[in-house]
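# An overview of the molecular structure
Residues per chain are reported as follows:
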Amino acid sequence: MPQSFPFRHRELGYLALTVSDLAASLKFHLDVVGLEDRGQTDGAQFLRCGDRDYQLLLVEGPVPGLQRVAWEVEDDRQLDAAFAHYAVQGYQPAWIDAAEARALRLGRAFRIRQRATGIAFEYFTGMSRPVEPFRSDLAGIDRLGHVVFTVEHFDECLAELTGTMGFLVSDYAGDGVAFLRAFPNPLHHSFAIQRGSDDHLQHVNFMVDGMDTIGTAVNRLNDSGTPIVFGPGKHFPSGSIFLYFLDPDGMTFEYSAGMEEFPEVAARDARRLEPSLKTIDLWGGRPDPRFGRTGAIDRGGDRPGA
Ligand SMILES: CC(C)c1ccc(C(=O)O)c(O)c1O
Ligand SMILES: [Fe+2]
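Residues numbered from 1 in each chain as written. Chains lettered and ligands numbered in written order. Predicted model: local features only at pLDDT ≥ 70, side-chain atom pairs only at ≥ 80, totals over all residues. Heavy atoms only, no water.

## Considering the overall build of the protein
Going by this rule: Secondary structure counts use DSSP, requiring at least four H or I residues in a row for a helix and at least two E residues in a row for a strand, with both numbered from the N terminus. Note that the radius of gyration is over C-alpha atoms, with the globule rule given as 2.2 Å times the number of residues to the power 0.38. For every residue, the accessible area obtained with a 1.4 Å probe (protein chains only) is divided by the maximum for its type, and the residue is called buried under 20%, exposed over 50%, and partly exposed between those limits. Should any heavy atoms of two residues lie within 4.5 Å, those residues are considered in contact. Residues scored as positive are Lys and Arg, those scored as negative are Asp and Glu, and His as well as the terminal groups of each chain are ignored. Where a charge lies is defined by one atom per residue type, namely NZ (Lys), CZ (Arg), CG (Asp) and CD (Glu).
Counting its secondary structure elements, the protein contains six helices and 18 strands. Computed over the C-alpha atoms, the radius of gyration of the protein is 18 Å, within 12% of the 19 Å expected from 2.2 N^0.38 for a compact globule of 306 residues. Its C-alpha atoms give the protein principal-axis dimensions of about 50 × 45 × 35 Å. The buried share of the protein, reckoned over its 306 residues, is 57%. For the protein, restricting intrachain contacts to residue pairs at least 6 apart in sequence, the fraction spanning at least 24 positions comes to 69%. The centroid of the 30 positive side-chain charges in the protein is displaced by 2 Å from the centroid of its 43 negative side-chain charges.

## Considering the coordination of the iron ion (ligand 2)
Ideal values differ by geometry: the angle at a metal is 109.5 degrees with four tetrahedral donors, but 90 or 180 degrees with six octahedral donors. What counts, and what does not: Metal donors: N, O and S atoms at distances within 2.8 Å, or within 3.2 Å for Na, K and Ca, with water omitted from the atom set so that some sites may seem incomplete.
Protein coordination at the iron ion (ligand 2): the donors are H146 (NE2), H203 (NE2) and E254 (OE), at 2.0 to 2.2 Å from the metal. Each donor residue of the iron ion (ligand 2) lies on the same chain, and together they follow the pattern H-x56-H-x50-E. In this pair, H146 is assigned in strand β9 (residues 141-151) and E254 in strand β16 (residues 252-257), connecting sequence segments 108 residues apart. A single burial state applies to H146 and to E254, both of which are buried.

## Some details on helix α2 (residues 76-88)
To keep things clear, this is the line we draw: Take the number of residues in a helix, subtract one, and multiply by 1.5 Å to get its expected span. Here the arc refers to the set of directions running from the helix axis out to each C-beta atom.
Compared with an ideal rise of 1.5 Å per residue, which puts 13 residues at 18 Å, α2 spans 18 Å between its outermost C-alpha atoms and is within 8% of the ideal. For α2, the set of buried residues is Q78, L79, A82, F83, H85 and Y86. Projected down its long axis, α2 shows its buried positions confined to an angular sector of 160°, all on one face. Exposed positions of α2 whose direction lies more than 90 degrees from the buried face are R77 and V88. On its buried face, α2 sits against β5 (65-73), β6 (94-95), β7 (108-113) and β8 (120-125).

## Regarding the packing of aromatic side chains
As a reminder, the rule being used: Two aromatic rings, drawn from Phe, Tyr or Trp (for Trp, its six-membered ring), form a pair once their centres lie within 6.5 Å of each other, and the interplanar angle then sorts them: stacked below 30 degrees, edge-to-face above 60, tilted otherwise. Two thresholds decide whether a charge sits over a ring: the Lys NZ or Arg CZ must be within 6 Å of the ring centre and within 35 degrees of the ring normal.
Inspection of every chain in the model, using the stated rule, returns 27 aromatic pairs. Between F230 and F291 the ring centres are 5.4 Å apart and the planes differ by 65°, which places this aromatic pair in the edge-to-face class. Separated by 61 residues along the polypeptide, F230 in strand β14 (residues 228-234) and F291 in the loop between α6 (277-280) and β18 (296-297) bring together distant segments of the chain. Residue F230 shares its accessibility class with F291, and that shared class is buried. The structure contains a cluster of three or more aromatic residues connected by ring pairs, namely F7, F83, Y86, Y91, W95, F110 and Y123. Sitting over the face of the ring of Y172, R272 holds its NZ or CZ atom 4.0 Å from the ring centroid.

## Points about the site of ligand 1
Note the following rule: The cutoff for a nearby residue is simple: one of its non-hydrogen atoms must lie within 4 Å of the molecule or strand. Basically, the charged four are Asp, Glu, Lys and Arg, the nonpolar ten are Ala, Val, Leu, Ile, Met, Phe, Trp, Tyr, Cys and Pro, and anything else, Gly included, counts as polar.
The full set of residues close to ligand 1 is H146, F179, H189, H203, H235, P237, S238, S240, Y244, E254, I280 and F291. Along the lines of polarity and charge, the residues of the shell around ligand 1 split into five nonpolar, six polar and one charged.

## Some remarks on the pairing of β5
Note the following rule: Two strands make a pair as long as DSSP finds a minimum of two bridges between them.
For β5, the buried fraction is high: nine of the nine residues fall into the buried class. Two elements, strand β1 (residues 9-19) and β5, share eight bridges in a ladder whose sense is antiparallel. The partner of L17 across the bridge, within β5, is L66. In this sheet, β18 lies alongside β5 in parallel orientation, the contact comprising two bridges. By the bridge assignment, G65 is partnered in β18 with A296. Pairing of β5 with β8 involves four bridges; the strand directions are parallel. Within β8, the position partnered with A70 by the bridge is E122.

## What about the environment of T41?
Operational definition: Counting of polar contacts relies on pairs of N or O atoms within 3.5 Å, with two restrictions inside protein: one atom must be capable of donating a hydrogen and the other of accepting it, and residues adjacent in sequence are counted only when both atoms are side-chain atoms.
Structurally, T41 can be placed in strand β2 (residues 36-41). In this structure the C-alpha to C-alpha distance between T41 and E254, which are 213 residues apart in sequence, comes to 27 Å. Apart from the residues lying within four places of it in its own chain, the contact partners of T41 are F46, A103 and R105. Engagement of the side chain of T41 in a polar contact is seen with the side chain of R105, the distance being 3.5 Å.

## Notes on a nonpolar patch on the surface
Operational definition: Two joining distances apply to patches: 9 Å for like charges and 5 Å for nonpolar side chains (Val, Leu, Ile, Met, Phe, Trp, Tyr), and every residue must have over 30% relative accessible area and no salt bridge. All accessible-area figures derive from a Shrake-Rupley calculation using a 1.4 Å probe, and residue coverage is judged against the displayed protein chains alone. A pairing counts as a salt bridge when a side-chain nitrogen of Lys or Arg comes within 4 Å of a carboxyl oxygen of Asp or Glu.
Taken together, M211, F236, L282 and W283 make up a surface patch of nonpolar side chains, about 410 Å² in accessible area. For L282, the position within the fold is in the loop between α6 and β18.

## Details of the environment of D155
With respect to the helices and strands, D155 occurs in helix α4 (residues 154-163). Note: C-alpha distance between D155 and A44 (111 residues apart in sequence) is 35 Å.

## Observations concerning the nonpolar core
Quick reminder of the rule: Residues grouped as a nonpolar core are buried Ala, Val, Leu, Ile, Met, Phe, Trp, Tyr and Cys residues, joined through side-chain atoms within 4.5 Å.
Ranked by size, the top nonpolar core spans 67 residues in total, and within it Y123, F191 and Y255 carry the most contacts. What F191 contacts, discounting residues up to four positions off in sequence, is V69, W71, F121, H146, V147, F149, L161, F167, A178, F179 and L180. Formed by 14 residues, the second largest nonpolar core is a distinct cluster that contains A44, Y54, L104 and L106.

Below is the structure:
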């Protein structure tokens, strides 16, 4: 991390997703995935798996995919610094208005659009905090973990993420995958990109509390008719045990247990891992063809910063 970088992330805050049938997706996320229902406002469904009010926001629409990736920064000073930084860099950041912030249960937030992909990034502070800690008896989820995109212009995207957007590379798999941490958050990756022939959502990850939870999930997913598309297996880069499955729209979600953490100072350098299937699954599994295929990137609309 360059010492001069002007803002500090807290964590990946929430993801806003479009789903084609909100009732079906809500049932899936409550009864199969194990998220907590935090209610609806203006047709948007809030779902929780962490210490803030929500980590997933579902909105019904014709094209399933990602609306935005939202990052919590450490405090209001960091938010103002991030806004000023993006303004100087020519991103034209736009604050959301007070009514939208209230509807989203946030203090303040602004949005930009990533140049290489058109992905909307939101930065916020002040999401409301429930008094009760989150507990997922069904699925043992600890938190929203990371989001991964397939991108057409991989090199430009990576240069932007590490150049102007404040991410650090934890590992590469060949020259086709980069795992990125949101400085100074210690997780090996909160964001990753893989090289592809177009831009789309690859998967959304929930971190869970252990191997038993992954094993139990295999049976729960099978019993509910949820397609498992990769795993259980073991990722070499982060050292996690993983399981990928599809939501009702065919978007890929992942449970993973365990992840390397990085110190803020004197972190190890990024490794360039061999681009083999073994790097992705040390146990020798192979993904189903549906793995990481579905999920459009919403590049427009009527939201501020869009
Ligand atoms: C297959 C994808 C890109 C992948 C690879 C490795 C890890 C990890 O090491 O944790 C992931 O989480 C992935 O999603
Ligand atoms: Fe993942």
